[in-house]
Amino acid sequence: MNDGQLATIAHAVGTPVYVYDAVLIRERYAALAAALTRRFPTHVHYAVKANSNLAILALLQGLGAGADIVSGGELFRVRAAGFAPGAVVFSGVGKTDEEIRDALAAGIGMINVESEAEAERVAALAAAAGCTARIGIRVNPDVLAETHPYTQTGAKGMKFGVPLDRVSVLARRVADHPHATLVCIGMHIGSQIIAGAPYRAGAERLASLVASLRADGITTLEAVDVGGGLGIAYHAGAAVLDPEDFADAVAPLHDATGLPILVEPGRYLVGPAGVLLTRVLFRKQAGGRDFAIADAGMNDLLRPSLYQAIHPIRVVGTAAGASPEEMDVVGPICETGDFLGLRRELAGATAGALLAIEAAGAYGFSMSSQYNSRRRPAEVLVDGDRWGVVRSRERLEDLTAGETATPRWRHEEEAA
Ligand SMILES: Cc1ncc(COP(=O)(O)O)c(C=O)c1O
């Protein structure tokens, strides 16, 4: 995507707008798939939560990816985008009966359970539906990945996964259930991970678990799941986890078990392929600080406020001769935590200038909200020299959809 295209899109569609690069997503998918398949048989299941726009889903489905979902809403999306239900893995720590029933009825590829109670619920609902649930157990391997505390998920005491010492009993229970088959043992240890070591440690633990389950007579395993989490560069020169190094870290799990390795990457595939375009509304000096007040805020891109994430910011088509100035790029929302970037050196970020917030393709739009009754932004897909809107900017009417100022009041007796 070049600056000319970005300026044209901002002019035609307005700002804020997310813009995604289809070519880069294809390249990243190909690089990851090549690194993995060189080492072991693999299934790539795109983690839909990273960016769930239908056009992105359809693009990845077309490349051969399966999907990793965490809600009934994501199941609805992946089906709408053309994924076969058998190519979908259902993860997540708290699935409702309705979600489990719908997934079973669709013929979901696998449900990753995260507790004994959930496994029992899935098996019972499968029995009621007269089908057999294909179950994976997400293990908490007690591995701490060095990343933001909010995106660590594999250490003891966290809400995710089944504790290591309880997996064998649960696996036996699933294996013995007439309406369940244990098809996978897996983990997901966190997000934005830039080192191979925690994957290697987790993979070792999964390998010994698989060995002990087999020793216990369980012969139905079809794959091992090492989750997602591969980090990306949020600034020039940042350390990242190369797909080859990731493959090296988890390959021993295949070598030890002979099983294909399932991966669930989200950010790696789409993060670098998205920018959020926003226009500077005003400049302001106050208390010795210089602010560029943009028309995008924390409702559009939450990561800086939530994780203190640092996204590269640049002026699209920098004005010749402008010299860099330090400023805070902030949004219009009534929160001091509403910022897109602090103490940034930008040249030509005058009122009306177009800013590109880079590396925003993952957990950008998908974490957006209507806070402050702001309409969620438009989304555009660029593919070489063509581009198209893949989600329109919300209308004012979308803000009040489903609401009423005049409820149909119900009374205690009626509810009972
Ligand atoms: C179960 C599961 N798999 C995969 C992912 C994708 O992570 P990432 O986007 O870091 O690859 C997540 C993210 O939270 C997850 O919870």
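Coordinates for the structure precede this section.
Owing to the predicted nature of the structure, the values given are computational and were not obtained by experimental measurement.

Visitor: Please clarify how the pattern of salt bridges should be interpreted in this entry.
Guide: A side chain with one charge can pair with a side chain of the opposite charge if their charged atoms come near. One pass over the full model with this rule turns up 22 salt bridges. Arginine 138 serves as the salt-bridge partner of glutamate 114, at 3.0 Å between the closest nitrogen and oxygen. On the criterion of sequence distance, the pair formed by glutamate 114 in the loop between strand 5 (110-113) and helix 6 (116-129) and arginine 138 in strand 6 (residues 133-140) is long-range, its members being 24 residues apart. Residue arginine 138 is classed as buried on the basis of its relative accessible area, which comes to 10%. Its salt-bridge partner being arginine 386, residue aspartate 383 comes within 3.1 Å of it at the nearest N-O pair. Residue classification places aspartate 383 among the buried positions, given a relative accessible area of 19%. With relative accessibility at 55%, the residue arginine 386 sits in the exposed group. Taken together, the shared-partner salt bridges in this structure form one network comprising Asp3, Arg314 and Glu358.

Visitor: Quick question: what am I supposed to make of the nonpolar core here?
Guide: Within the largest apolar cluster, 102 residues are counted, with the highest numbers of intra-cluster contacts made by Ile137, Leu182, Ile185 and Tyr199. Element by element, the count of residues in this core is highest for helix 8 (residues 197-215), at 7 residues. Once residues within four sequence positions are removed from consideration, tyrosine 199 is found in contact with Met187, Ile189, Ile193, Val226, Gly228, Gly229, Leu230, Leu241, Phe246, Ala249 and Val250.

Visitor: Got a minute to help me understand the site of the ligand in this structure?
Guide: Looking at the ligand, there are 14 residues lining it, with Ser191, Gly229, Glu264, Arg267 and Tyr363 nearest. Within the backbone of glycine 266, a nitrogen or oxygen atom sits 2.9 Å from an oxygen atom of the ligand. Here an oxygen atom of the ligand and a side-chain polar atom of tyrosine 363 are 2.6 Å apart. About the coverage of the ligand: the protein hides 90% of its 400 Å² of free accessible area. Classifying every residue of the shell around the ligand gives 3 nonpolar, 6 polar and 5 charged.

Visitor: How do you make sense of helix 8 when you look at a structure like this?
Guide: Spacing of three or four residues puts side chains on the same side of an α-helix, whose turn is 3.6 residues. Under the 1.5 Å per step criterion, the end-to-end length of helix 8 is 27 Å for 19 residues, consistent within 8% with the ideal 27 Å. Contacts made by the buried residues of helix 8 are with strand 6, helix 7 (167-176), strand 8 (180-186), strand 9 (223-225) and helix 9 (243-257). Once helix 8 ends, the next one or two residues include glycine 217, with phi positive near 90 degrees.

Visitor: Honestly, the packing of aromatic side chains in this entry has me stumped. Any pointers?
Guide: To describe a pair of aromatic rings, one takes the distance between the centres and the angle between the planes. Following the criterion strictly, the structure yields 3 aromatic pairs and no others. For the ring pair tyrosine 18 and tyrosine 20, a centre distance of 6.2 Å and an interplane angle of 20 degrees mean the geometry is stacked. The class for tyrosine 20 is buried, based on a relative accessible area of 2%. Pairing tyrosine 199 with phenylalanine 246 gives two aromatic rings, centres 4.8 Å apart and planes at 85 degrees, and the pair type is edge-to-face.

Visitor: Please clarify how the pairing of strand 3 (residues 66-69) should be interpreted in this entry.
Guide: If a strand is regular, its side chains alternate between the two faces of the sheet. Here strand 3 shows no split at all, with Gly66 and Asp68 on one side and Ala67 and Ile69 on the other all buried. With 3 bridges joining them, strand 2 (residues 42-47) and strand 3 adopt parallel strand pairing. In the strand pairing of strand 3, tyrosine 46 is matched with alanine 67. Traced from strand 2 through helix 3 (residues 54-62) to strand 3, the parallel crossover comes out right-handed. Read as a crossover between parallel neighbours, the route from strand 3 over helix 4 (residues 72-80) to strand 4 (residues 88-90) is right-handed.

Visitor: Teacher, can you tell me more about unusual backbone geometry here?
Guide: What is expected of a backbone is that most residues other than glycine have negative phi and most peptide bonds are trans. Here the amide bond leading from threonine 15 into proline 16 is cis, since omega sits at -5 degrees, within 30 degrees of zero. Here proline 16 lies in the loop between helix 1 (3-13) and strand 1 (17-21). The phi dihedral of aspartate 142 falls on the positive side, at around 55 degrees, and the residue is not glycine. For aspartate 142, the position within the fold is in the loop between strand 6 and strand 7 (162-163). Overall, aspartate 142 belongs to the partly exposed group, its relative accessible area being 32%. Phi is positive for glutamine 192, close to 55 degrees, though the residue is something other than glycine. Along the chain, the position of glutamine 192 falls in the loop between strand 8 and helix 8. Glutamine 192 gets classed as buried once you look at its relative accessible area, which sits at 18%.

Visitor: How do you make sense of the pairing of strand 14 (residues 324-330) when you look at a structure like this?
Guide: Note: strand 12 (residues 289-294) against strand 14, 3 bridges, orientation parallel. Within the sheet, the bridge partner assigned to phenylalanine 291 lies in strand 14 and is aspartate 328. As defined by bridge partners, strand 14 adjoins strand 15 (residues 339-347) across 6 bridges and the pair is classed as antiparallel. Bridge assignment links proline 324 to a residue of strand 15, and that residue is alanine 347.

Procedures and definitions
Residues numbered from 1 in each chain as written. Predicted model: local features only at pLDDT ≥ 70, side-chain atom pairs only at ≥ 80, totals over all residues. Heavy atoms only, no water. Salt bridge = Lys/Arg side-chain N within 4 Å of Asp/Glu carboxyl O. Helix = DSSP H or I, 4+ residues; strand = E, 2+ residues; numbered from the N terminus. Buried < 20%, exposed > 50% of the residue type's maximum accessible area, 1.4 Å probe, protein only. Core = buried A, V, L, I, M, F, W, Y, C linked by side-chain atoms within 4.5 Å. Contact = heavy atoms within 4.5 Å. Near = heavy atom within 4 Å. Polar contact = N/O pair within 3.5 Å; in protein donor to acceptor, adjacent residues only side chain to side chain. Areas by Shrake-Rupley, 256 points an atom, 1.4 Å probe, with all protein chains shown as cover. Nonpolar A, V, L, I, M, F, W, Y, C, P; charged D, E, K, R; others polar. Expected span 1.5 Å × (residues − 1). Phe/Tyr/Trp six-rings, centres within 6.5 Å; stacked < 30°, edge-to-face > 60°. Pairing = 2+ DSSP bridges. Right-handed = clockwise from strand over helix to strand, strands pointing away.

In short, shape yes, function no, at least from these values alone.
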